[in-house]
Amino acid sequence: MKWVENRLHELADTGGEYREFNARIVATVDPTTMFGVRVPRLRALAREVVRSEDRDAFLAELPHRWYEEYLVHAFVLNDTHELDRTVDLLDALLPYVDNWCVCDALNPRAFHDVRELHGDPAGTLLPLAQGWMASPLTYTRRFGVSVLMRDLLGVGYDPSQLGLAVAADNGEYYVRMMIAWYLAEALVSHEADAMAAIASAATNPQVRRMAIQKGIESRRVDATTKEALRRMRRRT
């Protein structure tokens, strides 16, 4: 959308340093598609889109030309209140997501709304997550695992969900990194289950090493658990 593109041009950092920084950390994106706009400015622009008459037209305008347009799209989508509409928007967007940053920016408010979830987070979100985790597309699969991590580690948690995440491993680095992140996050509230999943023979050794490292680096994992992770690392 032209006016969004114009606003991105206005909001970009001068000098190109931030664009170069983004190009290094989001290595799967063509740097020529980046303006170099910082995230707080992108969130502010997303609020402009939400308040405008062009909200629905912008969300329907796929594929986008610019990397930052996808981030604005994610932030606008996150603001959608209705669950069914949110899922439709996700299914339209996810096939075009080609990087971890846009994928991880997706955190829909509808997924946290008890009314939209009919009081049953697992019953509503788990089938959706399973569908996304079965996708052949790397970042759709990564997003499915992220739903387990962000939305089902509290109310709606079941130990079997850890196994579902492990089974989502398709050998892709960015999928494995999300699985490892999820297992490390699970250590905080479900230590015994998470330790068992990390140690499981079903868990790929690379995922295990990543999860152990993330757990050791986490400020939310206690010292006793970190020492157990170090012992596990020495054994593997």
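What you see is a predicted model, and the numbers here were worked out from it, not measured in a lab.

A. Main features of the nonpolar core. Grouped together as the largest cluster of nonpolar side chains are 82 residues, with contacts concentrated most on Val 72, Phe 143 and Leu 183. Ignoring anything within four residues of it in the chain, the contact list for Val 72 reads Leu 8, Leu 42, Leu 45, Ala 46, Val 49 and Phe 58.

B. Local environment of the pattern of salt bridges. Per the stated rule, a full pass over the model turns up 15 salt bridges. Measuring nitrogen to oxygen at the nearest pair gives 3.6 Å for the salt bridge that ties Arg 234 to Glu 227. When its relative accessible area of 59% is taken as the criterion, Arg 234 is described as exposed. The structure contains a network of salt bridges with shared partners spanning Lys 2, Glu 5 and Arg 65.

C. Structural view of the side chain of His 73. Within the secondary structure, His 73 sits in helix α5 (residues 67–78). On the basis of relative accessibility, which here comes to 0%, the residue His 73 falls in the buried class. Among the polar contacts made by the side chain of His 73, one reaches the side chain of His 64 at a distance of 2.8 Å. Setting aside residues up to four positions removed in sequence, His 73 forms contacts with Phe 58, Leu 59, Leu 62, His 64 and Leu 93.

D. Structural view of unusual backbone geometry. Residue Pro 63 follows Leu 62 across a cis peptide bond; omega there is 0°. In this fold, Pro 63 is placed in the loop between α4 (55–60) and α5.

E. View of the packing of helix α11 (residues 173–189) against helix α13 (residues 205–217). In the contact formed by α11 and α13, the axes pass within 8 Å of each other and the chain directions differ by 45°. Taken together, the axes of α11 and α13 are oblique relative to one another. The two elements α11 and α13 meet at a crossing, and its hand is right-handed. Residue-level inspection shows Tyr 173, Arg 176, Met 177, Ile 179, Ala 180, Trp 181, Leu 183, Ala 184 and Leu 187 of α11 in contact with α13, the latter providing Gln 206, Val 207, Met 210, Ala 211, Lys 214 and Gly 215. Looking at side-chain class alone, the contact of α11 with α13 contains 11 nonpolar, 2 polar and 2 charged residues.

F. Region of the structure containing the packing of aromatic side chains. Going through the model one piece at a time under the given rule, you end up with 6 aromatic pairs. Counting every residue linked through ring pairs, the aromatic cluster contains Phe 111, Trp 132 and Phe 143. Cation over ring: Arg 43 sits above Phe 75, and NZ or CZ is 4.2 Å from the ring centre.

G. The arrangement of the environment of Arg 142 in detail. Along the polypeptide, Arg 142 turns up in helix α9 (residues 138–151). Look past the residues within four positions of Arg 142 in its chain and what remains in contact with it is Trp 100, Cys 103, Asp 104, Tyr 174, Val 175, Met 177, Met 178 and Trp 181.

H. Fine view of the side chain of Thr 86. Mapped onto the elements of the fold, Thr 86 is located in helix α6 (residues 83–93). Those residues in contact with Thr 86 that lie beyond four places of it in its chain are Leu 77, Thr 80, Pro 108, Ala 110 and Phe 111.

I. Molecular detail of the environment of Thr 140. Looking at the secondary structure, you find Thr 140 in helix α9. Judged by relative accessible area, which is 6%, Thr 140 ranks as buried. Residues Thr 140 and Lys 214, spaced 74 residues apart in sequence, show a C-alpha to C-alpha distance of 22 Å. Excluding its chain neighbours within four sequence positions, the residues that come into contact with Thr 140 are Leu 94, Pro 95, Trp 132 and Ser 135.

J. Quick peek at a negative patch on the surface. A surface patch of like charges, here negative, comprises Glu 82, Asp 84, Asp 88 and Asp 91. Take Asp 84: it is sitting in helix α6.

K. Fine view of the packing of helix α10 (residues 160–167) against α11. Between α10 and α11, whose axes approach to 9 Å, the crossing angle comes to 160°. On the basis of their axis angle, the class for α10 and α11 is roughly antiparallel. Considering how the two elements wind past one another, α10 and α11 form a crossing that is left-handed. Here Gln 161, Leu 162, Ala 165 and Val 166 of α10 come into contact with α11, specifically with Ile 179, Tyr 182, Leu 183 and Ala 186. Split into classes, the residues belonging to the contact of α10 with α11 amount to 7 nonpolar, 1 polar and no charged.

Here is what the cut-offs are and how they apply
- Residues numbered from 1 in each chain as written.
- Predicted model: local features only at pLDDT ≥ 70, side-chain atom pairs only at ≥ 80, totals over all residues.
- Heavy atoms only, no water.
- Core = buried A, V, L, I, M, F, W, Y, C linked by side-chain atoms within 4.5 Å.
- Buried < 20%, exposed > 50% of the residue type's maximum accessible area, 1.4 Å probe, protein only.
- Contact = heavy atoms within 4.5 Å.
- Salt bridge = Lys/Arg side-chain N within 4 Å of Asp/Glu carboxyl O.
- Helix = DSSP H or I, 4+ residues; strand = E, 2+ residues; numbered from the N terminus.
- Polar contact = N/O pair within 3.5 Å; in protein donor to acceptor, adjacent residues only side chain to side chain.
- Axes fitted to C-alpha atoms, helices over the stretch in contact; angles between N-to-C directions.
- Parallel < 35°, antiparallel > 145°, perpendicular 65-115°, else oblique.
- Left-handed = near helix turned anticlockwise from the far one by under 90°.
- Nonpolar A, V, L, I, M, F, W, Y, C, P; charged D, E, K, R; others polar.
- Phe/Tyr/Trp six-rings, centres within 6.5 Å; stacked < 30°, edge-to-face > 60°.
- Lys NZ or Arg CZ within 6 Å of the ring centre and 35° of its normal.
- Patch = residues over 30% accessible without salt bridge, like charges linked within 9 Å, V, L, I, M, F, W, Y side chains within 5 Å.
- Areas by Shrake-Rupley, 256 points an atom, 1.4 Å probe, with all protein chains shown as cover.
- Lys, Arg positive; Asp, Glu negative; His and termini not counted.
- Charge placed at Lys NZ, Arg CZ, Asp CG, Glu CD.

Honestly, it's all geometry; don't read function into it.
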